[in-house]
Amino acid sequence: MAVTEPSHPDLLRHLPQRGTPENPGLVCAGNEISLPRVPLNKGDHFKLLVLLTGAGTDKPPHVGGRIKEGRIRNNEKFRRPSNRMLGLIGSLLAMLILQSFGMRVWRDDPLPRGCAEGDLTIVGSTAFKPVAQDAGTAYQGDCRDARVTVEAQGSGRGTKTLIDVGEAAKGGFPSYLAFSDGPEGDGDPRLKEHLVALSVFSVVVNKDVRMTDLSLDELRRLYSGRITNWNQLPGGPDLPVRLVSRDAKSGTRGVFESRVLERNEISRTSDNCRTPKFTGDTVVRCELDSTGEVLKTVANTPGAIGYAELHSAEESAQKGDLHLVALDNRKPSIDAVRERIYPFWEPEYAYTYTAPPANSLTSKFLDYLAGDTGRNLIEKHGHLPCAAAENQRACQLATGGR
């Protein structure tokens, strides 16, 4: 007899294959097998494989016992292949315990491992919004008593919201989490920083521009207003340059200015992203509130250029109205960032108002992001999860040991 499938490794502490005086584990006496009392959370299960030897009988094995708010289920598919097959498997008894019910055998906590109940609101980065939404949906699927709401409005606004709700809590812990493209909060000691990922960004242009590579020097001249028509660049079409940017509270804009332009962007000159607001302006530059708005505007505006989180940019490019631009012949990718040969990236942080209590929904959700499901979702959306062992050196170098 052996436990062949525990839902988590801790169960084996209660069901050792070889017992001890303190914990006898699985006990076989005569024609009976006894199991010790086992604490189980909602969703926990294990399978017990029993090999019956001897001449056999016409009676099937009997499974009995009592499980609080759970069940024992025989795996009928593997029951008794033949009464005459001496020494072979006579039965596979699959104990799928507390599969859809509720409580531990003798503990009061009804929550599955890694879960907490309540409401969590996620604010901040629009670039990281797709990850937050998918992770929130996945967590709610695993933890039915949790509700996760995503209200992304930009990195700077997110940390400001976090501070406001933290102050309003008057010493309590607010169930809020703020994602930020790069460090935020100006060193406010009340904000606890949690490194989550390295985010990759891309420059995008409208399909009519037809340029697939820009040097950093060309990009800086575009965003300084020195180039106002694409035909001023080799191979560029005769189209006015329209700079589609993010607002001043955007973490993505902060990344673009610090890592690519190495200076602040010029002032906004347009409200509609097509024409200057005043007749004396020669440059068209507008500001938008979110990643989605930037991508939509670049796609619909001839001569437009903008920037966005890589995965969202790639999804928009599939529609054919815009395309990604390499920088100094380096295409944006996770591997290019890992190898430090592409400049447009930034660490992604999650902020909490002070350190979250260990059993809070906020703390459990951060643990979830660092687990298998969270890491897979972060990678799926084109980011480099810092919780993965193979990425930790890259994340440490990228953050300078923050």
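Since this is a predicted model, take the numbers as computed values, not measurements. (Residues numbered from 1 in each chain as written. Predicted model: local features only at pLDDT ≥ 70, side-chain atom pairs only at ≥ 80, totals over all residues. Heavy atoms only, no water.)

*Asks:* If you had to explain the overall build of the protein chain to someone new, which residues and values would you point to?
*Replies:* When helices and strands are tallied, the protein chain shows 11 helices and 16 strands. Burial status across the protein chain gives 47% buried among its 402 residues. Summing over all exposed atoms, the protein chain offers an accessible surface of approximately 20100 Å²; the carbon and sulfur share of this is 47%. (Helix = DSSP H or I, 4+ residues; strand = E, 2+ residues; numbered from the N terminus. Buried < 20%, exposed > 50% of the residue type's maximum accessible area, 1.4 Å probe, protein only. Areas by Shrake-Rupley, 256 points an atom, 1.4 Å probe, with all protein chains shown as cover.)

*Asks:* Explain the packing of aromatic side chains to me, and be specific about the residues and the numbers.
*Replies:* Using the criterion set out here, one finds 10 aromatic pairs in the structure. Of the aromatic side chains, those joined through ring pairs into one cluster are F201, Y223, F256, Y307 and F344. When the ring centre of W345 is taken as reference, the NZ or CZ atom of R259 above it lies at 3.8 Å. (Phe/Tyr/Trp six-rings, centres within 6.5 Å; stacked < 30°, edge-to-face > 60°. Lys NZ or Arg CZ within 6 Å of the ring centre and 35° of its normal.)

*Asks:* Please provide a residue-by-residue account of the pairing of strand β14 (residues 322-327), values included.
*Replies:* Counting buried residues along β14, five of its six residues qualify, which places the element largely inside the surrounding structure. Bridge analysis of strand β9 (residues 191-206) against β14 gives four bridges, and the strand direction is antiparallel. Across the sheet, residue V203 finds its bridge partner in β14, namely V325. Direction of pairing for strand β10 (residues 213-214) relative to β14: parallel, over a ladder of two bridges. (Pairing = 2+ DSSP bridges.)

*Asks:* Which residues make up the pattern of salt bridges, and what are the values?
*Replies:* The full count for this structure, using the stated rule, is 18 salt bridges. With a shortest N-O distance of 2.8 Å, D119 and R147 are connected by a salt bridge. Of the two residues, D119 is situated in strand β6 (residues 118-124) and R147 in strand β7 (residues 146-152); the sequence distance between them amounts to 28 residues. The class of D119 is partly exposed, set by a relative accessible area of 47%. A salt bridge links R253 to E257; the shortest N-O distance between them is 3.0 Å. Residue R253 and its partner E257 are both found in helix α5 (residues 251-261); the two are separated by four residues, about one turn of the helix. Each member of the pair, R253 as well as E257, carries the same accessibility label: buried. Taken together, the salt bridges that share partners define one network made up of R253, E257, E265, R285 and E287. (Salt bridge = Lys/Arg side-chain N within 4 Å of Asp/Glu carboxyl O.)

*Asks:* Describe in detail the state of the cysteines, supporting the description with residues and values.
*Replies:* In protein chemistry, a disulfide is the covalent bond that joins the sulfur atoms of two cysteines. A complete count under the given rule lists three disulfides for this structure. Here C115 engages in a disulfide with C143; their sulfurs sit 1.9 Å apart. Because the torsion about its S-S bond is -70°, the bridge between C115 and C143 counts as left-handed. With C115 in the loop between β5 (91-93) and β6 and C143 in the loop between α2 (129-142) and β7, this residue pair connects regions lying 28 residues apart in the sequence. On the basis of relative accessible area, C143 is assigned to the buried category, the value being 4%. Covalently, C273 is tied to C286 through a disulfide, its sulfur atoms 2.0 Å apart. Across the disulfide from C273 to C286, rotation about the S-S bond amounts to roughly 100°, and the bridge is consequently right-handed. Taken together, the residues span a long stretch of sequence, with C273 in the loop between α5 and β12 (284-288) and C286 in strand β12 at a distance of 13 residues. Across this residue pair, the class does not change: C273 and C286 are buried. The connectivity of the disulfide bonds within the protein chain can be written as 1-2, 3-4, 5-6, using the sequence rank of each bonded cysteine. (Disulfide = S-S within 2.5 Å.)

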